[in-house]
Amino acid sequence: MRAYTPTSRTLSGPASKSSTPVRSILKPASILGRRKAEYAGLSDPLDVPETPSKRRKVFFDDIRNVTYEVGKRTMDDVKLEVRTALEEHLRGNDGQYDTLKELFASDKQRYLPPVVGEEDDTLKPHELQVYVMALTGCIPILKDKACNGLVKTILKCSWLGRDEAFAKVFTHFLAALVSAQGSYLSPVLSMMVEKFSDTRPSVWCVPDFPEVSRETMRDRLHSTLQYLLQMFPSAMPVLETLLGTKFPFPDESMRVHMAYIDNLLRIKNYVPVLRDEILDLIINRVVKIDSQMQVDLEDLDDDVTAAVMYALRDHTNMTEWEDDDDDDESDTESVDSDDPDYDEDAARIKSIKGSVEKMDAALDTLFKVYTPYFANPGSDAAFDAFTILLREFDHMVLPTYKSRHTQFLIFHFAQLHERLTDAFCGQLIATAFQSNTPNVLKQAAAAYLASFVARGAHLPPDLVRSIFVLLIHHLEQYRKKYEPLCRGPDLKRFHPYYSLVQAVLYIFCFRWQDLVVGAPDDVDPDDLSSYIGQEVEWIGTSRKDLSVQIFGKLNPLKVCAPVIVEEFAKLAHRLNFMYVYPLVEGNKRIRLTQYLSSTYANGGALRDAGYDTQDESFHQLDPYFPFDPYQLPVSKRWLENDYVHWKAVQGLNAEDEDDSDDMDDLDEEDVEEGTATDSDGDDYE
């Protein structure tokens with residue numbers, strides 16, 4: 001049997017009279033001859049066997065309009081073989097049918113020439129294409145449920161690793177199959193989506209064909225998918241469902257995740273209607289990895305955390321994520337924990353390192369995807385893209401307590417234009433003060449707002465002042481509502497109030513210089529220490545209004561995170577804003593448990609959860625501010641100059657002339673562990 005090769009020339013002239021058909025791949029020549037005679041006149045006119053005197057048959061590839069020369073075996077012969085195999089299978093004779101299945105099941109076997117003197121009846125690499133074309137012509141039979149096994153085998157063949165002609169022929173086979181039997185739509189799309197995770201050429205390449213690059217493979221895959229979506233509009237919701245269900249499991253490697261994400265983003269380009277759903281899907285998975293990574297980091301000691309950071313040192317300059325040859329197939333290799341050589345710490349380091357790499361790669365990619373939309377940040381197109389980010393933030397990021405890095409997407413883009421900044425701050429303010437918002441979301445919104453105002457380097461001072469004054473105004477509304485009911489500090493009962501006080505204190509610690517509206521001439525704005533001891537003018541009546549809150553019956557300094565209270569006390573005292581040390585010292589003699597509401601007075605819920613009810617920290621707010629330092633090694637490049645880092649004021653007190661204070665110490669711990677928003681409290685769960 002001769003290989004089937006495409007040619008652009010037209011064949012003419014009679015075939016050699018001495019030529020005889022070669023042996024069929026599926027059956028011996030004698031049997032095939034009987035079958036051809038038996039079905040002559042009963043099947044398609046093209047299946048009529050040729051005579052030796054007849055002009056040699058050729059067939060046409062409708063896809064590229066290329067003429068194929070089939071040599072001694074005509075296309076009709078192959079079609080008859082396939083038709084016979086299928087019809088005999090329906091009658092219960094599976095010999096030829098099983099042989100046909102084997103052709104596709106073993107499609108990656110290398111072709112071995114026959115021994116000298118033996119007849120060559122082995123299917124050559126390029127000849128499988130002819131069988132795909134023959135099967136396309138037999139779709140009315142192939143669609144029968146009894147042929148389901150063959151269809152499944154065909155769908156598993158390595159059609160992307162062959163030549164371009166095979167890929168196009170296979171595309172038309174898939175279209176014909178789905179057109180004839182709609183129930184095959186889901187298996188066909190499922191087969192294609194599963195290939196989104198393929199990233200190594202060894203998976204799709206076929207022996208005896210030139211190696212197909214990753215880019216070429218994906219071009220073919222998406223060309224076929226786009227063609228099917230155009231042919232079958234009903235495929236769109238099926239595809240949308242499959243994109244979610246086929247997303248790699250969290251323990252899959254970074255390469256697999258990035259391969260899948262790259263393919264999702266390609267779909268977004270030619271199916272605009274799925275753009276929002278695809279971006280939501282990616283963000284949702286990134287948030288899950290982010291939060292789980294933070295839970296894992298909490299369980300590590302400092303030495304293991306340092307080992308994770310050391311292991312990531314070689315990834316600081318990576319941008320081509322799928323070219324990482326050191327990446328393993330899975331972050332959690334199957335290792336027997338009973339193995340005497342099993343190193344639990346090493347396994348944990350490897351697992352968390354993999355999670356960090358996945359986070360870094362995914363967020364770096366998302367920054368790249370969104371950046372072009374903000375080329376003109378004041379345009380309507382930029383605002384439309386920002387509304388997608390804002391919706392994703394509101395639905396997926398804001399409710400997730402342990403999210404640590406995903407939110408920096410909106411942190412970056414919200415600072416590009418005042419219109420975007422106003423939209424983000426407005427959304428957070430609305431969430432924080434809506435009466436029907438759960439307390440857990442109110443605290444989150446207040447924390448995000450305070451952290452954004454405190455850390456956003458491009459926020460204008462007038463916006464910082466406006467939000468600071470607005471938060472104090474809402475504090476007064478809460479105070480009037482809660483103070484008549486209060487007999488002492490109680491986080492459970494007055495949660496929204498304490499969350500808001502902590503947000504105000506946090507903003508003051510970072511942006512106090514922007515709250516100063518007037519200062520003596522000898523104050524140098526570039527020298528923070530020159531403000532110490534000076535009588536400066538603060539925005540509006542903020543000093544008096546905040547003093548009413550701090551010294552009120554609700555006693556927020558007892559409930560707010562101690563590290564923030566301590567830093568506020570130092571700054572407020574040395575800047576002549578407020579003197580709260582007597583109150584702080586007095587609070588040390590107060591036990592929060594004595595003010596718990598009756599439902600929690602006996603501490604049963606806490607004891608059941610394994611907590612010590614005498615530990616005051618469980619009745620205080622977490623130091624939760626989600627825009628604390630960003631530590632992912634590669635994607636942090638997008639945040640350069642976006643970020644206000646903590647600056648210690650030299651001379652703030654005697655013991656930190658040369659060292660940073662407690663807030664700076666907190667940041668140092670965050671840098672070390674990469675868990676700046678972590679806490680041990682359960683208020684947010």
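Keep in mind that what you see is a predicted model, and the values were worked out from it rather than measured.

K.L.:
I tried to follow the overall build of the chain on my own but got confused; where do I start?
P.N.:
Each helix and strand in the chain was counted, giving 27 helices and 5 strands. By residue count, 54% of the 685 residues in the chain fall in the buried class. Within the chain, contacts between residues separated by at least 24 positions form 77% of all contacts whose residues are at least 6 apart in sequence. When the accessible surface of the chain is totalled, it reaches about 30,700 Å², and 49% of it is carbon and sulfur.

K.L.:
What is the right way to read the pattern of salt bridges from this model?
P.N.:
Once the charged atoms of two side chains with opposite charge are near each other, the side chains can pair. Applying the stated criterion across every chain, the model contains 21 salt bridges. Between aspartate 364 and lysine 368 there is a salt bridge, with the nearest N and O atoms lying 3.8 Å from each other. Placement of the pair is aspartate 364 and lysine 368 together in helix H15 (residues 344–370), with a separation of 4 residues, close to one helical turn. Relative accessible area serves as the criterion here: at 0%, aspartate 364 is assigned to the buried category. Bridged by salt links that share partners, the residues Glu215, Arg218, Asp219, Asp262 and Arg266 form one connected network.

K.L.:
So what exactly am I meant to see when it comes to helix H4 (residues 128–137) here?
P.N.:
Of all 10 residues in H4, 8 are buried, a share of seventy percent or more. Listed as buried for H4 are Leu128, Gln129, Val130, Tyr131, Val132, Met133, Ala134 and Leu135.

K.L.:
I keep staring at the packing of aromatic side chains and nothing clicks. Help me out?
P.N.:
Two aromatic rings are characterised by how far apart their centres lie and by the angle between their planes. Counted under the stated rule, the structure contains 36 aromatic pairs. Here phenylalanine 166 and phenylalanine 170 contribute two aromatic rings whose centre-to-centre distance is 6.1 Å and whose plane-to-plane angle is 20 degrees, an arrangement assigned as stacked. With phenylalanine 166 and phenylalanine 170 both in helix H7 (residues 164–180), this residue pair falls 4 residues apart, about one helical turn. Taking relative accessible area as the criterion, phenylalanine 166 reaches 2% and is therefore assigned buried. Residue classification places phenylalanine 170 among the buried positions, given a relative accessible area of 0%.

K.L.:
When you look at the packing of helix H21 (residues 495–511) against helix H24 (residues 562–574) in this model, what are you seeing that I'm missing?
P.N.:
Helix packing geometry: the angle between the two helix axes and the distance between the axes. Where H21 contacts H24, the axes come no closer than 10 Å and their chain directions differ by 50 degrees. By the criterion of interaxial angle, the relationship of H21 to H24 is oblique. Classified by chirality, the crossing of H24 by H21 is left-handed. Facing Gln502, Leu505, Tyr506, Phe508 and Cys509 of H21, the residues of H24 in contact are Ile564, Glu567, Phe568, Leu571 and Ala572.

K.L.:
What's the story with the environment of leucine 621 in this structure? I'm lost.
P.N.:
Tracing the backbone shows leucine 621 in the loop between helix H26 (604–608) and helix H27 (662–673). Distance from leucine 621 to valine 559, taken between C-alpha atoms, is 6.1 Å for residues 62 residues apart in sequence.

K.L.:
Looking at this structure, I do not really get the packing of helix H20 (residues 461–482) against helix H22 (residues 542–550). What am I missing?
P.N.:
Two elements in contact, H20 and H22, have axes whose closest approach is 10 Å; the angle formed by their N-to-C orientations is 35 degrees. Crossing of H20 over H22 shows left-handed handedness. Of the residues in H22, those in contact with Phe468, Ile472, Leu475, Glu476 and Arg479 of H20 are Ser542, Asp545, Leu546, Val548 and Gln549.

K.L.:
Can you help me understand the side chain of threonine 437 in this one?
P.N.:
Counting through the fold element by element, threonine 437 comes out in the loop between helix H18 (418–433) and helix H19 (439–455). Other than its neighbours up to four places away in sequence, threonine 437 contacts Thr431 and Lys442.

K.L.:
Which parts of the structure should I look at to understand H20?
P.N.:
What sets the pattern is the α-helix's 3.6 residues per turn: residues three or four places apart point alike. Here H20 contains 22 residues, and its C-alpha end-to-end distance of 32 Å stays within 8% of the 32 Å for a straight helix at 1.5 Å per residue. Considered for burial, the residues of H20 that qualify are Leu463, Val464, Ile467, Phe468, Leu471, Ile472, His474, Leu475, Tyr478, Arg479 and Tyr482. Within H20, the buried residues cover an arc of 170 degrees as seen down the axis, which keeps them to one side. Next to the buried residues of H20 lie H18, H19, H21 and H22.

K.L.:
Just to check I follow, could you spell out the environment of alanine 167 for this structure?
P.N.:
Structurally, alanine 167 is set in helix H7. By relative accessible area, alanine 167 is classed as buried at 4%. Sequence separation between alanine 167 and glutamine 129 is 38 residues; the distance between their C-alpha atoms is 9.0 Å. Setting aside residues no more than four positions away along its own chain, alanine 167 makes contact with Trp159 and Arg220.

K.L.:
Please clarify how unusual backbone geometry should be interpreted in this entry.
P.N.:
Glycine aside, the phi torsion of most residues is negative, and most peptide linkages are trans. Phi is positive for asparagine 576, close to 60 degrees, though the residue is something other than glycine. Along the chain, the position of asparagine 576 falls in the loop between H24 and helix H25 (581–587). Residue asparagine 576 is classed as partly exposed on the basis of its relative accessible area, which comes to 27%. The backbone of asparagine 641 sits at a positive phi, close to 70 degrees, despite the residue not being glycine. With respect to the secondary-structure elements, asparagine 641 resides in the loop between H26 and H27.

Conventions and cut-offs
Residues numbered from 1 in each chain as written. Predicted model: local features only at pLDDT ≥ 70, side-chain atom pairs only at ≥ 80, totals over all residues. Heavy atoms only, no water. Helix = DSSP H or I, 4+ residues; strand = E, 2+ residues; numbered from the N terminus. Buried < 20%, exposed > 50% of the residue type's maximum accessible area, 1.4 Å probe, protein only. Contact = heavy atoms within 4.5 Å. Areas by Shrake-Rupley, 256 points an atom, 1.4 Å probe, with all protein chains shown as cover. Salt bridge = Lys/Arg side-chain N within 4 Å of Asp/Glu carboxyl O. Phe/Tyr/Trp six-rings, centres within 6.5 Å; stacked < 30°, edge-to-face > 60°. Axes fitted to C-alpha atoms, helices over the stretch in contact; angles between N-to-C directions. Parallel < 35°, antiparallel > 145°, perpendicular 65-115°, else oblique. Left-handed = near helix turned anticlockwise from the far one by under 90°. Expected span 1.5 Å × (residues − 1). Arc of directions from axis to C-beta.

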